[in-house]
Amino acid sequence: MQTQKKHRLKQLRQWRIRKKVSGTKERPRMAVCFTGQHIYVQFIDDRAGQTLAAASTRAKGAPEGKLAANIKSATTIGGLAARTAMDKGIKAVVFDRGGALYHGKVKALADAAREAGLKF
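Residues numbered from 1 in each chain as written. Predicted model: local features only at pLDDT ≥ 70, side-chain atom pairs only at ≥ 80, totals over all residues. Heavy atoms only, no water.

Observations concerning the sheet that holds strand β2 (residues 39-45)
Moving on, step 1. Across the sheet, four strands lie side by side as β3-β2-β1-β4; this open sheet has mixed pairing. A strand with exactly one partner marks an edge of an open sheet, and here the two such strands are β3 (50-56) and β4 (94-96). When strand polarity is set aside, the average angle formed by the axes of neighbouring strands in this sheet is 20°.
Moving on, step 2. The pairing of β2 with β3 spans six bridges and is antiparallel. Counterpart to Ile 44 in the pairing with β3 is Thr 51. (Pairing = 2+ DSSP bridges. Helix = DSSP H or I, 4+ residues; strand = E, 2+ residues; numbered from the N terminus. Axes fitted to C-alpha atoms, helices over the stretch in contact; angles between N-to-C directions.)

Quick word on a nonpolar patch on the surface
Moving on, step 1. A surface patch of nonpolar side chains, about 280 Å² in accessible area, is lined by Leu 9, Leu 12 and Trp 15.
Moving on, step 2. Structurally, Trp 15 can be placed in helix α1 (residues 2-20). (Patch = residues over 30% accessible without salt bridge, like charges linked within 9 Å, V, L, I, M, F, W, Y side chains within 5 Å. Areas by Shrake-Rupley, 256 points an atom, 1.4 Å probe, with all protein chains shown as cover. Salt bridge = Lys/Arg side-chain N within 4 Å of Asp/Glu carboxyl O.)

Focus: the packing of aromatic side chains
Ring pairs (aromatic) are described by centroid distance and by the angle formed between their planes.
Moving on, step 1. Under the counting rule described, the total for this entry stands at two aromatic pairs.
Moving on, step 2. For the pair Phe 95 and Tyr 102, a centre-to-centre distance of 6.3 Å together with 85° between the ring planes defines the contact as edge-to-face.
Moving on, step 3. Take Tyr 102: its relative accessible area is 36%, and that puts it in the partly exposed class.
Moving on, step 4. An angle of 50° between the planes, with centres 5.3 Å apart, marks the rings of Phe 95 and Phe 120 as tilted. Placement of Phe 95 in strand β4 and of Phe 120 in the segment after α3 (105-115) is noted, with a sequence separation of 25 residues between them.
Moving on, step 5. By relative accessible area, Phe 120 is classed as partly exposed at 28%.
Moving on, step 6. Between the NZ or CZ atom of Arg 114 and the centre of the ring of Phe 120, over which it lies, the distance is 4.4 Å. (Phe/Tyr/Trp six-rings, centres within 6.5 Å; stacked < 30°, edge-to-face > 60°. Buried < 20%, exposed > 50% of the residue type's maximum accessible area, 1.4 Å probe, protein only. Lys NZ or Arg CZ within 6 Å of the ring centre and 35° of its normal.)

Quick look at the packing of helix α2 (residues 71-87) against α3
Moving on, step 1. Where α2 contacts α3, the axes come no closer than 7 Å and their chain directions differ by 35°. In the crossing of α2 with α3, the sense of the turn from one axis to the other is right-handed. Residues Ile 71, Ala 74, Thr 75, Ile 77, Gly 78, Gly 79 and Ala 82 of α2 form the contact with α3, whose own contacting residues are Lys 105, Ala 108, Leu 109, Ala 112 and Ala 113.
Moving on, step 2. Here the contact of α2 with α3 is built from residues that sort into eight nonpolar, three polar and one charged. (Left-handed = near helix turned anticlockwise from the far one by under 90°. Contact = heavy atoms within 4.5 Å. Nonpolar A, V, L, I, M, F, W, Y, C, P; charged D, E, K, R; others polar.)

A look at the environment of Gly 49
Moving on, step 1. Tracing the backbone through its elements, the reader meets Gly 49 in the loop between β2 and β3.
Moving on, step 2. For the pair formed by Gly 49 and Lys 20, sequence separation is 29 residues and the distance between their alpha carbons is 16 Å.

Description of α3
Moving on, step 1. All of the buried residues along α3 are Val 106, Ala 108, Leu 109, Ala 110, Ala 112 and Ala 113.
Moving on, step 2. Where α3 is buried, its residues touch β1 (29-34), β2, α2 and β4.
Moving on, step 3. Of the residues flanking the end of α3, it is Gly 117, one or two places downstream, whose phi is positive at about 120°.

Below, the structure is given as structure tokens:
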């Protein structure tokens, strides 16, 4: 029961955020998803319904070694995601934290993306 309630509350947070956050081709939505083992980042144009660029701990371009869903890996993936976006011509994004608190891994990923040159 408790797990269902937590899942439902997270789902409501995600929906509340998505009502306010929307991406365009000029300024796509940077959606972040953290699972127990991996980190996924997508740059999405919501008007066209397309993913413009993506990066994750499972991607072929990810650095060698063991990447997991921790702060160190979030920093690495944040920089990698920013470089991937810059290669596609994306300079500014709208950050979608996916219902997670802006703390820890989420903050580390966002800070690394900012340092790599993305504007939020």
